Amino acid sequence: MQFTIINCSKIFIPLFILLIIFSSKSYSDLNINGDLSNQFNDRHISWSPLKPWRAPKDTATALNKPSLYAWQLFVALNWPAINNKCKPNKIMSLGDEGATVWESWPSREQIFLEGAQNPGNWKNVCKDRQLALPAGNFSGFEDETVRVNRSTYHYILKNKLYSLDEQERLASAGVRNLDFPLGSKEIKAHWVRIHEIDKPRYHWVETERDGELVAYGLSGLHIVSKDSPNWFWSTFEHVDNDLRWPNIYPNAFRGWVYPSADEAACPADHLDWNQIPEGFGLEGTKWENYRLRGTQTDWVDSRGNPTVGVNSQLESFIDQTSSSCLTCHALAVKGTQGGSMPIIPETGEFTDQGLGIGYIGVPDAKLFLDENGVEIPYLGLDYVWVLRHAKRELNIN
């Protein structure tokens, strides 16, 4: 008689490791509402010039070659979209007219409805694409365009994060942090009113204002992607933001006071030369007029200096040397009650020019404590400030 000997260590050791993983991650940090599948479905996607419309999901490139990764995202997300599909149109080319992929995504106005109504499934919001443009001649903090991709949208929808009351319920239940899945993305865009002669140099959209068609050109663009726990931060601007628009709208465009840093397009000893990289098909298109102003992947550099992330239009209200996308968004929290922005991401101090001074570097732990030095039971919003636009539920009693 033959017996089969089973090596129990091959079975129990992997199970033991999984048990450790789950037991070490507290309930308060779980990807809530039964969406744990995201933690095991982190499929790596490399960007390819053969399929430039395919958005990458590549943590290694994001962390080790951030400028290169920023341009890969820029090309993929600015690819022309299929109408009402939220997908790239593979038969079109970069620079062709029409809405881009990110413009086909749902806007914050579509997500955060009065009464905290359910905004509906992804396909329906894609079919009902809405413009989100400034009311005046240029975008400001309150009327900027914010759009999210499918992963971000699903997480908001499944966990009812469009409700400010639900966010407070989560905070009261002891949920410490939200945890958006890898591959989640958010776009923040600013616009400026342009003339007919400007159109070939801009990505532009037309809309009616006071009975006439008005063209708005894309002037500033944040691309944010969750490729690590701290997310990946990149920002682009139109070249006119350096000198032209600051002379016309000096309060809305501050010029490029803080230098750009682009390792993908510029020589190592001149990262601020504001060039475009080769091999992306930007030349000869409207997109050759946009520049990468910088990226952020960590609080500090290798010398311990706080990193800076700034867009001269999107952060026109703040001193450019004290602007950090990463630090600002780390302060995105919600308490068990009260307003949607309990921590203001500015120090309350001002420069001699009247510009606000922001927080940079590792967040000050004191910002999360009460007057007695006790940690406030905030719900961390996983760097996603757009959740502050969540609405109150209707009181039907």
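What comes next concerns the included structure. (Residues numbered from 1 in each chain as written. Predicted model: local features only at pLDDT ≥ 70, side-chain atom pairs only at ≥ 80, totals over all residues. Heavy atoms only, no water.)

Re the pattern of salt bridges
Operational definition: Definition used for salt bridges: Asp or Glu carboxyl oxygen within 4 Å of a side-chain nitrogen of Lys or Arg. Secondary structure counts use DSSP, requiring at least four H or I residues in a row for a helix and at least two E residues in a row for a strand, with both numbered from the N terminus. Only protein chains enter the accessibility calculation, which uses a 1.4 Å probe; a residue is then buried when its area is under 20% of its type maximum, exposed when over 50%, and partly exposed in between.
This model, assessed by the stated rule, comprises 20 salt bridges. Salt-bridge contacts for Glu 168 lead to Lys 334; the nearest nitrogen and oxygen are separated by 3.0 Å. Remark: Lys 334 occurs in strand S9 (residues 333-334) and Glu 168 occurs in helix H8 (residues 164-172); sequence separation between them is 166 residues. Residues Glu 168 and Lys 334 agree in their burial class; the two are buried.

Here's the deal with helix H7 (residues 150-158)
So the rule is basically this: Starting at the helix axis, one direction is taken to each C-beta atom, and the arc is that of these directions.
Among all positions of H7, only Thr 152, Tyr 153, Tyr 155 and Ile 156 are buried. Relative to the axis of H7, the buried residues are bounded by an arc of 165 degrees and lie together on one face. Once H7 ends, the next one or two residues include Lys 160, with phi positive near 55 degrees.

Quick word on the state of the cysteines
Quick reminder of the rule: Note on disulfides: each one is a pair of cysteine sulfur atoms within 2.5 Å.
Following the criterion strictly, the structure yields one disulfide and no others. Covalently, Cys 86 is tied to Cys 126 through a disulfide, its sulfur atoms 2.0 Å apart. Linking Cys 86 and Cys 126, the disulfide has an S-S dihedral of approximately -110 degrees and is accordingly described as left-handed. You can see Cys 86 sitting in the loop between strand S1 (81-82) and strand S2 (87-88) and its partner Cys 126 sitting in helix H6 (residues 122-127), a full 40 residues away along the chain. Cys 126 carries the same exposure label as Cys 86, and that label is buried. With no disulfide of its own, Cys 328 lies 7.5 Å from the sulfur of Cys 325, the closest cysteine sulfur.

Points about the nonpolar core
It is characteristic of soluble globular proteins that their nonpolar side chains tend to be buried jointly. What counts here: By nonpolar core we mean a set of buried residues, namely Ala, Val, Leu, Ile, Met, Phe, Trp, Tyr and Cys, connected to one another through side-chain atoms within 4.5 Å. Two residues qualify as a contact provided that any one of their heavy atoms is within 4.5 Å of a heavy atom in the partner residue.
Counting residues in each nonpolar core, the largest one holds 83 residues, and the members touching the most others are Phe 74, Trp 102, Leu 178, Phe 180, Leu 221, Leu 282 and Leu 387. If we ignore the near neighbours within four places in the chain, the residues touching Trp 102 are Leu 77, Asn 78, Thr 145, Arg 147, Ile 187, Ala 189, Trp 191, Leu 218 and Leu 221.

Digging into the side chain of Asn 230
Under the convention used in this document: Under this definition, polar contacts are N or O atom pairs within 3.5 Å; protein pairs additionally need one hydrogen-donor-capable and one acceptor-capable atom, and for neighbouring residues in sequence, both atoms have to be side-chain atoms.
Considering the arrangement of structural elements, one finds Asn 230 in the loop between strand S6 (212-225) and strand S7 (232-238). A polar side-chain atom of Asn 230 sits 2.9 Å from a polar atom in the side chain of Tyr 383. For Asn 230, the residues in contact, after removing those within four places along its chain, are Thr 297, Trp 299, Leu 326 and Tyr 383.

Describing empty space enclosed by the protein
We count it as follows: Residues are said to line a cavity or pocket when one of their atoms sits within 4 Å of a point; the points come from a 1 Å grid over protein atoms alone, cavities being sets where a 1.4 Å probe fits but cannot get out and pockets being open sets with protein on both sides within 12 Å along at least five of seven lines. Grid points are joined across faces, edges and corners, and a volume is the space filled by probe spheres set on the points. By the convention adopted, Pro, Cys, Tyr, Trp, Phe, Met, Ile, Leu, Val and Ala count as nonpolar, Lys, Arg, Asp and Glu as charged, and the other residues, Gly among them, as polar.
Under the criterion given, the structure shown has three cavities of 30 Å³ or more. Considered as a void within the structure, the largest cavity measures approximately 60 Å³ in volume. Lining the largest cavity are Trp 102, Glu 103, Arg 129, Leu 131, Ala 132, Leu 133, Thr 145, Arg 147, Trp 191 and Val 205. Taken together, the elements giving at least two residues each to the lining of the largest cavity come down to helix H4 (101-104) and strand S3 (145-148). Considering only enclosed or pocket space, the second largest cavity measures out at about 40 Å³ in volume. Lining the second largest cavity, in full, are Glu 186, Val 224, Trp 231, Trp 233, His 329, Asp 382, Tyr 383 and Val 384. Residues that form the lining of the second largest cavity fall into these classes: five nonpolar, one polar and two charged.

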